[in-house]
Amino acid sequence: ILVGSVPFGFDAVPTGKKSDKSGREEKVLVPNKYEQSIIARIKELRNANPNKLLSFQKIALQLEKEGVKTRKGTTNWHATSIERILKSSHQDAMG
């Protein structure tokens, strides 16, 4: 059951059930294939050089150069978004 905002790489899908507490429809997270591919690309860029990690700003600039769209549909990426996505995807992997 989803509580809070939807992390990048996932969609919130209604379960058809109502929450006992709020009466709102319950939702679960399911992987978003497009956004998962962006996460994979970010990780690939970050670790491209084993001797030095690529900065969040350089990753953002590269995604813009490649025309990769954000969740909002623009190609305007920010270093803080890249950092948040990487931290969130690491937490998801940790369970």
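As the structure is a prediction and not an experimental result, all values here were calculated from the model. Position numbers for residues count from 1 along each chain, tracking the sequence in the order it is written. Confidence filtering applies because this is a predicted model: local features only for residues at pLDDT of at least 70, side-chain atom pairs given and counted only at 80 or more, and all residues used for totals across whole chains, interfaces and linings. Neither water nor hydrogens contribute to the side-chain values; these are computed over all heavy atoms in the structure.

Describing the pairing of strand β2 (residues 25-31)
- In this scheme, strands are said to pair when DSSP sees at least two bridges between them. Note on conventions: DSSP H or I runs of at least 4 residues are helices, E runs of at least 2 residues are strands, and numbering of each starts at the N terminus. For strand β1 (residues 10-18) and β2, the ladder comprises 6 bridges, and the chain directions are antiparallel. Bridging across to β2, Pro14 finds its partner in Lys27.
- Between β1 and β2, which pair antiparallel in sequence order, lie 6 residues; one of them, Gly23, sits at a positive phi of approximately 80°.

Some remarks on the packing of aromatic side chains
- Aromatic pairs are defined between Phe, Tyr and Trp rings, using the six-membered ring for Trp, whenever the two ring centres lie within 6.5 Å; interplanar angles under 30 degrees are classed as stacked, those over 60 as edge-to-face, and all others as tilted. On inspection of all chains with the given rule, the structure shows 1 aromatic pair.
- Between Phe8 and Trp77, the aromatic rings sit 6.1 Å apart at their centres with planes inclined by 80°, giving edge-to-face as the arrangement. Placement of Phe8 in the segment before β1 and of Trp77 in the loop between α2 (56-66) and α3 (79-94) is noted, with a sequence separation of 69 residues between them. No difference in accessibility class separates Phe8 from Trp77, as the two residues are buried. Between buried and exposed lies partly exposed: a residue is buried under 20% and exposed over 50% of the maximum accessible area for its type, with that area taken using a 1.4 Å probe on protein chains only.

Looking at the nonpolar core
- Within the largest apolar cluster, 13 residues are counted, with the highest numbers of intra-cluster contacts made by Ile42, Leu63, Trp77 and Ile82.
- Of all the secondary structure elements, the ones that give two or more residues to this core are α1 (33-46), α2 and α3.
- The biggest single contributor to this core is α1, with 4 residues.
- Whether two residues are in contact is decided by their heavy atoms: any pair within 4.5 Å suffices. Ignoring any residue separated from it by four or fewer positions in sequence, one finds Ile82 in contact with Ile42, Phe56, Ile59, Ala60, Leu63 and Trp77. Here, the term nonpolar core denotes a set of buried Ala, Val, Leu, Ile, Met, Phe, Trp, Tyr and Cys residues that are joined through side-chain atoms within 4.5 Å.

As for the pattern of salt bridges
- Here, a salt bridge means any side-chain nitrogen of Lys or Arg that lies within 4 Å of a carboxyl oxygen of Asp or Glu. Considering all chains together, one arrives at 4 salt bridges under this definition.
- In this structure, Arg41 engages Glu66 in a salt bridge whose closest nitrogen and oxygen atoms are separated by 2.4 Å. A residue pair is termed long-range when its members are at least 10 positions apart, and Arg41 in helix α1 and Glu66 in helix α2 qualify at 25 residues.
- Classification of Glu66 by relative accessible area gives partly exposed; the value is 35%.
- In this structure, Glu83 engages Lys87 in a salt bridge whose closest nitrogen and oxygen atoms are separated by 3.4 Å. Here Lys87 and Glu83 lie together in helix α3, a separation of 4 residues that amounts to about one turn.
- Note on Glu83: relative accessible area 28%, which makes it partly exposed.
- Here the salt bridges share partners, and the residues they tie into one network are Arg41, Glu44 and Glu66.

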